[in-house]
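Listed below are the residues making up each chain.
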Amino acid sequence: TVQRLLPHASTIFAEVSDAARTHQAINLGQGFPDTEGPQSMLQVAADVIAAGGHNQYAPGRGVQELRNAVSTQISRDEGLTYDPDTEILVTVGATEGIASALLGLVEPGSEVVVIEPYYDSYAACVDLAGARRRTVPLVPAGETFVLDRDALAAACSNATSAVIVNSPHNPTGAVLSDGDLEAIAAECREHDIIAISDEVYEHLVFDGARHRSIARFEGMRERTVRVSSAAKSLSCTGWKIGWITAPADLIAGAMAAKQYLSFSSGTPLQIAVAHALEHEQAWIGELRAQLQAQRDQLYAALTGLGMGVSHCVGTYFLAADARPLGYSDATELCRRMPREIGVAAVPFSPFVDAGSAGAWSHLTRFAFCKRPEVLADAAERLSTLPI
Ligand code: PMP
Ligand code: GLN
């Protein structure tokens, strides 16, 4: 393994899902749903595969139907228009979208600002690109988390090539306020920084909250790579169909990298996702309502144990404080739980820099994207805590 990947040699998600399988634990660690996406989407995929004619390479940019559907969806939801021919690139999940943007748009040695805690692939891909990571922390504010704007201002300079934004935010469940997004936008405008905005949870916001892309802020459409995916919105994490939208010059850079990573993928699945984006808006609304109820169910179980649990505005995740259970280090709790009580969760430590682990080590991330009966079983098992 090359030096720059040594810190990222194994992901927490592979580890936690292995532990869950070994101990037949309920997996509230890796975020994936246990229900299927819309039936019509599954049927279109099956029909398209069986009919033949769409089982070879897709165009490098992605099938036209999906680029058109993404363009329509973003225009409807955000009021932003992207040209399907030049401003949309279909990727192997959001993961490849993020990797391609970093590899294709960030010079080695330049700085990339990352909000901490961060989804683990950001740090790995910044290192893959040979760039330097500058982290800006979220800080607790009441029941949620907000951006440390002073730290943001200190981290951004003319050496910064990109800032990675993620809202709704994994792993805290926070949604960045318009004020925090505007603070990031102001730095981007001042220092000519690209925003890589991971919006995979764009549709999974609760209690009537609305998602707002940073691309909508003044001067930001021209400098934002907006990343999203079918995985969470349409409950098909195994399909790995994602996309990025950006001005043509930024798409060109990302595409220069993407064409040598995978060229293209999943032709029939792209067609099925296009169909669902066009026809299954109501289904996504129902998913959101179900997830909100599941969030409340797991929140009640965790607070019932005495854990402090932050308010989740969006995503699949609740952040819970392990200290009331006697664990200042959630890693230890997460190591013991699968074997001893049959529930898996992940600590925050893989999502933060080693140097700032102290501020986050007491937090555990629990995923609530599971059927109510599964969450009820998990709650019963959790009720035997503390161990
Ligand atoms: N970004 C965030 C914040 C995520 O939680 C995930 C996991 N869905 C991804 C990116 C990766 O998405 P995909 O599975 O589409 O590659
Ligand atoms: N995004 C999912 C999570 O945060 C995991 C994706 C993965 O396994 N790489 O749990």
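Position numbers for residues count from 1 along each chain, tracking the sequence in the order it is written. Chains carry letters from A onward and ligands carry numbers from 1 onward, assigned in written order. Thresholds applied to this predicted model are a pLDDT of at least 70 for local features of residues and 80 or more for the giving and counting of side-chain atom pairs; totals over whole chains, interfaces and linings are not thresholded and use all residues.

Asker: Which residues make up the site of ligand 1, and what values do they have?
Answerer: The criterion for a residue being near a molecule or strand is a backbone-placed C-beta atom within 6 Å of that molecule or strand. Not every one of the 14 residues close to ligand 1 is listed here, only the nearest: G93, A94, T95, N170 and S229. In terms of residue count, helix α4 (residues 93-105) provides more of the shell around ligand 1 than any other element does, three residues in total. For the shell around ligand 1, the class distribution of residues is four nonpolar, seven polar and three charged. Every helix listed is a DSSP run of H or I at least four residues long, and every strand listed is a run of E at least two residues long, numbered separately from the N terminus. Only Asp, Glu, Lys and Arg are considered charged, only Ala, Val, Leu, Ile, Met, Phe, Trp, Tyr, Cys and Pro nonpolar, and every remaining residue, Gly among them, polar.

Asker: Describe the environment of L234, with residues and values.
Answerer: The residue L234 is located in the loop between α8 (230-233) and β9 (241-245) in this model. Neighbour counting defines burial: a residue surrounded by 20 or more other C-beta atoms within 10 Å of its own C-beta is buried, one with 12 or fewer is exposed, and intermediate counts give partly exposed, using backbone-placed C-beta atoms. In this structure L234 comes out as buried when scored by C-beta crowding, with 25 C-beta atoms within 10 Å. Note on contacts: residues are paired as contacts if their backbone-placed C-beta atoms lie within 7 Å. The contacts of L234, once residues within four sequence positions are left out, are G37, P38, M41, V273 and A276.

Asker: Outline unusual backbone geometry, listing residues and values.
Answerer: A cis geometry characterises the amide bond from E116 onward to P117, with omega recorded as 5°. When you line up the elements, P117 lands in the loop between β3 (111-116) and α5 (120-128). One non-glycine residue, T315, lies in positive phi territory at about 90°. Within the secondary structure layout, T315 lies in the loop between β10 (308-309) and β11 (317-321).

Asker: So what's going on with the environment of R323? Which residues, and what values?
Answerer: By secondary structure assignment, the location of R323 is in the loop between β11 and α12 (330-341). C-alpha of R323 to C-alpha of L363: the two residues are 40 residues apart in sequence and 8.3 Å apart in space. Ignoring sequence-local partners within four residues, the contact set of R323 consists of S328 and H362.

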